[in-house]
Amino acid sequence: MHASQGRSAGLGLALASAFAFGGSGVAAKPLIEAGLDPLHVVWLRVTGAALVMLPVAWRHRALVRSRPVLLLGFGLLAVAGVQAFYFAAISRVPVGVALLVEYLAPALVLGWVRFVQRRPVTRAAAVGVVLAVGGLACVVEVWAGLSFDVVGLLLALGAACCQVGYFVLSDQGSGESAAGAESPHPVGVIAYGLLIGAAVLTVVARPWGMDWSLLGGSTTMNGTDVPAWLLLVWIVLLATVIAYVTGVISVRMLSPAVAGVVACLEAVIATVLAWVLLGEHLAAPQLIGGALVLFGAFIAQSSTPKGPSGPLASGPGGELVGTEGELSADRPAS
């Protein structure tokens, strides 16, 4: 009875996390269209979340000595890299398209496993890669002569590559856990990842040159005026802090496989929210292609051969799904 209740609660938290992450691009795009630079929006998101998580970082300050490489990897790739590339991408292409392209990450991870690590992959995983790539071709409508914004597409692919980099980092650093060392607390890693990401983005984004007056004005969401500060609160608290924390707890309560399935809903939620709130309508072939990307990415992710220590598998928007006892966070991605 208790196990069933725990599973239901975990599923609810996983759905909440997917919804929270899926709304990040929808809330950020009006701010970008109002005149804020995408990097400035990313800096506001990450820095605001880092300030909220400061008490958590202090509580887990021992991580700075015990897991410095993991913290740097999370901060540079899963936070700063994913979010910067994703927000830059949505400034040029629809939110749903950017997130669907980002869902190629599991397929790219599979390529790393096969051709760099030279480990065998299953036939099902190969089929998943083919489906994901074919779906991407539909999303960007290659038959139209690549009239799609190529720069936006490359930026979304950059976000996917940052997720792959974090997967590789986690795989290489998982030996300590296999040797019996204590696993790092996932919420603590998130807190320090946000702090490191904020520090890096401060240098890159140079927020002192931002037009702060824009935050006191209004933005437009599909013809409706919305206060800019309200969207910023949405991005910081809902789409970052709550999204990460609920994701971590849900993965601890569910199996990684179940959490991975639920994580696939983020792209669907983002596409629907962008359709309703931003008026970004995707054509039928793009919707079909998006379904193929999600299905192929899920097959590729679930079929990736795992090492003895259970490396992490990375999903979109900074979602990280790993074996129980390892760092598992449901993001920057997105």
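Cut-offs and rules
Residues numbered from 1 in each chain as written. Predicted model: local features only at pLDDT ≥ 70, side-chain atom pairs only at ≥ 80, totals over all residues. Heavy atoms only, no water. Helix = DSSP H or I, 4+ residues; strand = E, 2+ residues; numbered from the N terminus. Buried < 20%, exposed > 50% of the residue type's maximum accessible area, 1.4 Å probe, protein only. Axes fitted to C-alpha atoms, helices over the stretch in contact; angles between N-to-C directions. Parallel < 35°, antiparallel > 145°, perpendicular 65-115°, else oblique. Left-handed = near helix turned anticlockwise from the far one by under 90°. Contact = heavy atoms within 4.5 Å. Nonpolar A, V, L, I, M, F, W, Y, C, P; charged D, E, K, R; others polar. pLDDT = per-residue confidence, 0-100. Salt bridge = Lys/Arg side-chain N within 4 Å of Asp/Glu carboxyl O.

**Remarks on the environment of Q286**
And step 1. Its place among the elements puts Q286 in helix α16 (residues 284-303).
And step 2. The class for Q286 is buried, based on a relative accessible area of 8%.

**Remarks on the packing of helix α3 (residues 38-52) against helix α12 (residues 186-205)**
And step 1. Where α3 meets α12, the closest approach of the two axes is 8 Å, and the angle between their N-to-C directions is 150 degrees. Relative to α12, α3 is oriented roughly antiparallel. The two elements α3 and α12 cross, and the hand of that crossing is left-handed. Within the contact between the two elements, α3 uses L39, H40, V42, W43, V46, T47, A49 and A50 and α12 uses L194, L195, G197, A198, L201, T202, V204 and A205.
And step 2. Partitioned by chemical class, the residues of the contact of α3 with α12 number 12 nonpolar, four polar and no charged.

**Focus: the confidence of the model for the protein chain**
And step 1. Per-residue confidence for the protein chain gives a mean pLDDT of 77, with 75% of residues at or over 70.
And step 2. Residue range residues 171-175 is modelled with pLDDT below 50. Its contacts to residues more than four positions away, or to other chains, number five contacts.
And step 3. Here residues 307-333 is modelled with pLDDT under 50, and outside its nearest four sequence neighbours on either side it reaches 124 contacts, counting other chains as well.

**Some details on the pattern of salt bridges**
And step 1. What the rule picks out here adds up to two salt bridges.
And step 2. In this structure, K29 and E280 form a salt bridge, with 2.7 Å as the shortest nitrogen-oxygen distance. Of the two residues, K29 sits in helix α2 (residues 24-33) while E280 sits in the loop between α15 (265-278) and α16, which places them 251 residues apart along the sequence.
And step 3. Look at E280 and you get buried, because its relative accessible area is 15%.
And step 4. Here D149 makes a salt bridge to R92, at a shortest N to O gap of 3.2 Å. Taken together, the residues span a long stretch of sequence, with D149 in the loop between α9 (123-139) and α10 (150-172) and R92 in the loop between α6 (68-90) and α7 (95-102) at a distance of 57 residues.
And step 5. For D149, a relative accessible area of 24% translates into the label partly exposed.

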